[in-house]
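Analysis of the macromolecular model
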Amino acid sequence: MFDIKAIRENPETFDLGWKRRGIAPQSEALIALDSSLREKKTELQECQSRRNVASKSIGQAKAKGEDADDLIREVADLKARMATLEEDVRSIEEELTQKLGRLDNIPAEDVPDGESEDDNLEVRKWGDIPAFDFAPKQHFDLGEDLGQMDFEGAARMSGARFVILRGDLAKLERALSAFMLDVHTTDFGYEEASVPLLVREQALYGTSQLPKFKEDLFEATTGHYMIPTGEVPLTNIVREDILEEEKLPLRFTALSQCFRSEAGSAGRDTRGMIRLHQFNKVEMVSITTPEQSWDELERMTGAAEQILQRLGLAYRVLTLCTGDMGFAARKTYDLEVWLPGQDAYREISSCSNTGDFQARRMNTRCRPAGEKKTRFVHTLNGSGLAVGRTLVAVLENYQQADGSIVIPEVLRPYMNGKEVISRP
């Protein structure tokens with residue numbers, strides 16, 4: 001969300017930023033709409049002022065026994081004009097807000113220009129890609145052969161893109177979640193939260209899922225939406241707050257179920273757990289001052305990387321290009337984990353700095369100690385990690401020739417010391 005005043009003062013900067021995202025110039029139309037709004041507001045104020053004067057004059061004329069008919073007609077005309085102007089102001093304000101609310105954030109200067117994921121920039125790699133003396137299987141074959149991953153049973157009750165995990169695989173998913181939360185809270189100072197899975201429209205507007213991405217959401221009949229990511233409730237913890245700058249950054253983490261309609265993904269990852277309607281994710285959110293936010297992005301990305309490193313999973317870090325970056329982000333790092341069954345890297349985390357884009361939509365500010373003036377905070381979010389995809393990575397990277405799965409050492413304390421998952 002942008003301040004129209006900032007667009008008026010720097011139209012070229014905004015148009016250049018949108019151009020880098022492949023969006024046509026918007027400033028001229030927005031400024032013209034804002035100019036019309038300000039003209040209507042000025043006329044409305046003038047009418048209000050003249051009505052007050054005329055109303056007072058009516059009383060004075062009547063007190064003197066003078067004719068006040070012309071003044072009475074003028075007041076009636078002013079009231080009618082004011083009603084029209086008030087409706088014009090409301091309509092233009094709504095139009096301007098809607099247009100501003102649908103405009104993508106401006107990318108940071110160091111974000112590479114590009115049109116698609118093919119133009120993303122690899123920053124670094126970690127870990128050795130495992131070598132197998134047999135043909136590695138994909139996770140769904142492994143899970144089904146173990147008798148603990150059931151897509152058909154889930155489809156009978158819920159349809160496509162759902163899964164039932166049973167036995168040790170269900171326990172392994174829980175172990176991964178607990179391990180991630182322990183690392184983030186103990187080693188990186190994130191405060192754990194338990195958050196609502198149902199939120200109202202204004203919460204999704206605050207974190208930019210609405211109005212532009214409504215088709216990706218599951219909407220209840222109660223005026224609520226199922227959250228597509230823990231970012232939504234975690235970031236909205238500070239909605240409409242004025243925070244003390246010396247207490248920033250605030251860092252939150254949560255394990256939550258997430259719900260996505262996967263609109264537009266027909267034909268993609270139709271088998272397996274890569275793209276489900278319902279999945280678990282450990283989310284990280286940071287609330288910072290503008291001066292802290294870029295360092296915080298590196299720190300957050302490092303926290304997500306630590307999970308993969310401690311699990312011994314090879315991965316790479318990409319800086320997303322302007323054409324592949326999310327709507328609200330100024331800069332995004334994607335972590336892609338190696339999946340032997342697919343012989344490819346696949347996304348397992350995104351860490352983004354949104355600047356003050358979400359803070360403006362939520363009206364969240366900070367104030368230095370002893371000062372009256374406030375300013376908008378910066379918000380960041382990242383997956384730490386997508387639990388289902390991490391389970392996929394563990395299954396494929398730790399598989400053995402007989403179809404069993406070696407449990408990574410860091411997870412064994414969460415699995416009662418169990419070392420290998422085999423078919424019961």
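All figures in this text were calculated on a predicted structure; none of them were measured in a lab.

Here the focus is the overall build of the protein. The secondary structure content of the protein amounts to 12 helices and 17 strands. In terms of overall dimensions, the protein is more spread out than a globule: its C-alpha atoms have a radius of gyration of 27 Å, far above the 22 Å expected for 424 residues. C-alpha extents for the protein along the principal axes are approximately 105 × 45 × 40 Å. Among the 424 residues that make up the protein, the fraction classed as buried is 48%.

All right, on to the side chain of R389 then. Its location among the elements puts R389 in helix α12 (residues 387-397). Although buried, R389 forms no salt bridge, and the nearest oppositely charged side chain, E347, lies 4.6 Å from it. Of the polar contacts made by the side chain of R389, one reaches the backbone oxygen of I274; its length is 2.8 Å. Excluding its chain neighbours within four sequence positions, the residues that come into contact with R389 are I274, E347 and I348.

What follows is about the sheet that holds strand β8 (residues 250-259). With mixed pairing, 8 strands are arranged side by side in an open sheet as β1-β10-β11-β12-β15-β9-β8-β4. Of all the strands in the sheet, the pair left with one neighbour each is β1 (121-126) and β4 (191-192). Both strand β11 (residues 331-339) and strand β12 (residues 344-353) contribute to a ladder of 9 bridges, which runs antiparallel. Across the sheet, residue W338 finds its bridge partner in β12, namely Y345.

Attention now goes to the pattern of salt bridges. Close approach of charged atoms lets side chains of opposite charge pair. As enumerated under the stated definition, the model contains 31 salt bridges in all. With its nearest N and O atoms 2.6 Å apart, the salt bridge here joins E87 to R90. Separated by 3 residues within a single helix, E87 and R90 lie in helix α4 (residues 69-101), roughly one turn from each other. On the basis of relative accessible area, E87 is assigned to the partly exposed category, the value being 40%.

The subject of this paragraph is the packing of aromatic side chains. Summed over the entire model, instances satisfying the criterion amount to 10 aromatic pairs. On the numbers, 5.2 Å between centres and 65° between planes, the contact of F132 with F134 is edge-to-face. With a relative accessible area of 24%, F132 lands in the partly exposed category. Given a relative accessible area of 23%, F134 falls into the partly exposed group. Among the aromatic side chains, those forming a connected cluster through ring pairs are F2, F14, W18, F213, F327 and F357. The ring of Y205 has R361 sitting right over it, with the charged end atom 4.2 Å from the ring centre. A cation over an aromatic ring shows up here: R365 above the ring of F376, its NZ or CZ 4.2 Å from the ring centre.

Of note, the bond from L248 into P249 is cis; its omega dihedral lies within 30 degrees of zero at 5°. With respect to the helices and strands, P249 occurs in the loop between β7 (242-244) and β8. The step from G384 to L385 runs through a cis peptide bond, and the omega angle for that step is 20°. Within the chain, S208 stands out as a residue other than glycine whose phi angle is a positive 80°. When you line up the elements, S208 lands in the loop between α8 (201-206) and β6 (224-226). Residue classification places S208 among the buried residues on the basis of a relative accessible area of 3%.

Reading the values: the criteria
- Residues numbered from 1 in each chain as written.
- Predicted model: local features only at pLDDT ≥ 70, side-chain atom pairs only at ≥ 80, totals over all residues.
- Heavy atoms only, no water.
- Helix = DSSP H or I, 4+ residues; strand = E, 2+ residues; numbered from the N terminus.
- Rg over C-alpha atoms; globule rule 2.2 N^0.38 Å.
- Buried < 20%, exposed > 50% of the residue type's maximum accessible area, 1.4 Å probe, protein only.
- Lys, Arg positive; Asp, Glu negative; His and termini not counted.
- Salt bridge = Lys/Arg side-chain N within 4 Å of Asp/Glu carboxyl O.
- Polar contact = N/O pair within 3.5 Å; in protein donor to acceptor, adjacent residues only side chain to side chain.
- Contact = heavy atoms within 4.5 Å.
- Pairing = 2+ DSSP bridges.
- Phe/Tyr/Trp six-rings, centres within 6.5 Å; stacked < 30°, edge-to-face > 60°.
- Lys NZ or Arg CZ within 6 Å of the ring centre and 35° of its normal.

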